[in-house]
Amino acid sequence: MDGKIKQRSRSGVSHLKRRWIRFWMRWADLSPLGRFAAGCAACFAPPHKSRVFLSEFNSKGYISPSAIVHHSDLTIGMHLFMDDRAILYQRKGGKSVILGNKVRIYRDTIIETGYGGSIEINDDVSLHPRCQIMAYVDKIRIGKGTMVAPNCAFYCYDHDTTAGRPIREQGFNSKGMIDVGEEAWISIGVTILSGVTVGPGAVIGAGAVVTKDVAPYVTAAGHPLRVAGLNTIGMSRRGFS
């Protein structure tokens with residue numbers, strides 16, 4: 001009998017917490033009141049990745065009160081999740097950031113545009129902790145369903161190297177946009193540089209520096225980057241067998 005009473009008590013507390021979360025998430029958005037409401041909702045939610053479910057309570061999603069959003073040309077899809085200390089930032093001349101439905105931006109990730117650069121992150125993309133998506137001069141596009149592991153960096157620009165001028169006074173240049181196809185997997189610590197296309201379903205091994213195109217449905221790794229085989233899982237999901 002005591003066990004049943006305790007079980008009912010625990011389920012009752014869980015129900016109350018859920019009602020609390022549902023109430024506050026109704027008001028969550030990018031306004032000051034909305035940011036406050038998101039913080040109230042999170043009081044009884046588990047931490048870190050277990051908090052993603054909060055974004056399902058409101059089509060405007062969940063943006064942590066400690067996240068920084070400083071961008072005047074921002075389009076957000078439904079049910080965005082933006083974790084603690086993530087940053088969306090627009091530097092001088094930065095163009096649009098477009099976030100699709102159910103994008104997951106985990107803690108300490110930076111998404112930044114400047115000097116003509118823009119970013120498009122499509123539906124169901126996840127950016128894990130401490131990634132840097134830096135679009136200057138050109139565009140970064142990440143296709144639907146792609147997963148980006150922690151500590152990855154996408155840089156679609158470089159500094160000029162005019163003789164006789166210190167690097168801090170140089171401008172920027174680019175070899176072209178970064179275009180990552182659908183359902184790719186970018187492993188931990190990968191750096192992708194300008195002018196690179198990563199095909200759909202491709203897998204990039206941990207720590208790689210990607211300076212050339214990667215074909216669809218291959219696994220590539222190493223220094224320099226080499227194709228190690230086919231991503232047969234991705235191929236089978238697409239009907240390639």
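Structure report, in brief. (Residues numbered from 1 in each chain as written. Predicted model: local features only at pLDDT ≥ 70, side-chain atom pairs only at ≥ 80, totals over all residues. Heavy atoms only, no water.)

### Structural notes on the overall build of the chain
For step 1, the next point in the chain: Counting its secondary structure elements, the chain contains 3 helices and 24 strands.
For step 2, the next point in the chain: Out of the 241 residues belonging to the chain, those deemed buried represent 43%.
For step 3, the next point in the chain: Taking all contacts inside the chain whose residues are at least 6 apart in sequence as the whole, residues at least 24 apart take part in 27%.
For step 4, the next point in the chain: For the chain, the computed accessible surface area is about 12,400 Å², with 55% contributed by carbon and sulfur atoms. (Helix = DSSP H or I, 4+ residues; strand = E, 2+ residues; numbered from the N terminus. Buried < 20%, exposed > 50% of the residue type's maximum accessible area, 1.4 Å probe, protein only. Contact = heavy atoms within 4.5 Å. Areas by Shrake-Rupley, 256 points an atom, 1.4 Å probe, with all protein chains shown as cover.)

### Some words on the sheet that holds strand S5 (residues 87–90)
For step 1, the next point in the chain: Spatially, 7 strands are ordered S2-S5-S8-S11-S14-S19-S22 in an open sheet, and the strand pairing comes out parallel. The open sheet has two edge strands, strand S2 (68–70) and strand S22 (209–210), and neither has a second partner.
For step 2, the next point in the chain: Relative to S5, S2 runs parallel, the two sharing 3 bridges. Residue pairing across strands places valine 69 opposite leucine 88, the latter belonging to S5. (Pairing = 2+ DSSP bridges.)

### Description of the pattern of salt bridges
For step 1, the next point in the chain: If you walk through the whole model with that rule in mind, you get 8 salt bridges.
For step 2, the next point in the chain: A salt bridge links glutamate 56 to arginine 104; the nearest nitrogen and oxygen atoms lie 3.2 Å apart. Of the two residues, glutamate 56 is situated in the loop between helix H2 (32–42) and strand S1 (62–63) and arginine 104 in strand S7 (residues 104–105); the sequence distance between them amounts to 48 residues.
For step 3, the next point in the chain: Among the residues examined, glutamate 56 registers a relative accessible area of 38% and is labelled partly exposed.
For step 4, the next point in the chain: A salt bridge links lysine 139 to glutamate 120; the nearest nitrogen and oxygen atoms lie 3.0 Å apart. Residue lysine 139 is found in strand S12 (residues 139–142), and its partner glutamate 120 is found in strand S9 (residues 118–121); the two are separated by 19 residues along the sequence. (Salt bridge = Lys/Arg side-chain N within 4 Å of Asp/Glu carboxyl O.)

### Quick word on the nonpolar core
For step 1, the next point in the chain: Judged by nonpolar contacts, the single largest core of 40 residues is most densely connected at Phe154, Ile186, Ile192 and Ile204.
For step 2, the next point in the chain: Those elements giving two or more residues to this core turn out to be strand S6 (97–99), S9, strand S11 (132–136), S12, strand S17 (178–180) and strand S23 (218–221).
For step 3, the next point in the chain: Excluding residues that lie within four positions of it along the chain, isoleucine 186 makes contacts with Thr146, Met147, Val148, Ala149, Cys152, Phe154, Val180, Ile192 and Ile204.
For step 4, the next point in the chain: Counting 16 residues, the second largest nonpolar core, distinct from the first, contains Met25, Ala41, Val52 and Phe81. (Core = buried A, V, L, I, M, F, W, Y, C linked by side-chain atoms within 4.5 Å.)

### Description of the pairing of strand S8 (residues 110–114)
For step 1, the next point in the chain: Of all 5 residues in S8, 4 are buried, a share of seventy percent or more.
For step 2, the next point in the chain: As paired elements, S5 and S8 share 4 bridges and run parallel to each other. Looking at the pairing, tyrosine 89 lines up with glutamate 112 of S8.
For step 3, the next point in the chain: Bridge count for S8 against S11 is 5 bridges, and the pairing is parallel. From the neighbouring strand, glutamate 112 faces S11, where its bridge partner is methionine 134.

### Examining the packing of aromatic side chains
For step 1, the next point in the chain: All told, the structure shown has 13 aromatic pairs when counted by the stated rule.
For step 2, the next point in the chain: Judged by centre distance (5.9 Å) and plane angle (85 degrees), the ring pair of tryptophan 24 and phenylalanine 36 falls under edge-to-face. Pair noted here: tryptophan 24 is in helix H1 (residues 2–25) and phenylalanine 36 is in helix H2, with a separation of 12 residues, a long-range link.
For step 3, the next point in the chain: Taking the relative accessible area as the measure of exposure, phenylalanine 36 reaches 49% and is therefore partly exposed.
For step 4, the next point in the chain: Aromatic pair tyrosine 157 and phenylalanine 172: ring centres 5.3 Å apart, planes at 90 degrees, arrangement edge-to-face. Here phenylalanine 172 lies in strand S16 (residues 172–173) and tyrosine 157 lies in the loop between strand S14 (153–155) and strand S15 (158–159), a separation of 15 residues in the sequence.
For step 5, the next point in the chain: Members of the aromatic cluster, connected to one another through ring pairs, are Trp20, Phe23, Trp24, Phe36 and Phe44.
For step 6, the next point in the chain: Here lysine 49 stacks its cationic end above the ring of tyrosine 106, 5.5 Å away from the centre of that ring. (Phe/Tyr/Trp six-rings, centres within 6.5 Å; stacked < 30°, edge-to-face > 60°. Lys NZ or Arg CZ within 6 Å of the ring centre and 35° of its normal.)

### Considering unusual backbone geometry
For step 1, the next point in the chain: Even without being glycine, aspartate 108 reaches a positive phi, approximately 70 degrees.
For step 2, the next point in the chain: Turning to its location among the elements, aspartate 108 is positioned in the loop between S7 and S8.
For step 3, the next point in the chain: Phi at tyrosine 115 is positive, roughly 50 degrees, even though this residue is not glycine.
For step 4, the next point in the chain: Along the polypeptide, tyrosine 115 turns up in the loop between S8 and S9.
For step 5, the next point in the chain: In this structure tyrosine 115 comes out as partly exposed when scored by relative accessible area, which is 34%.

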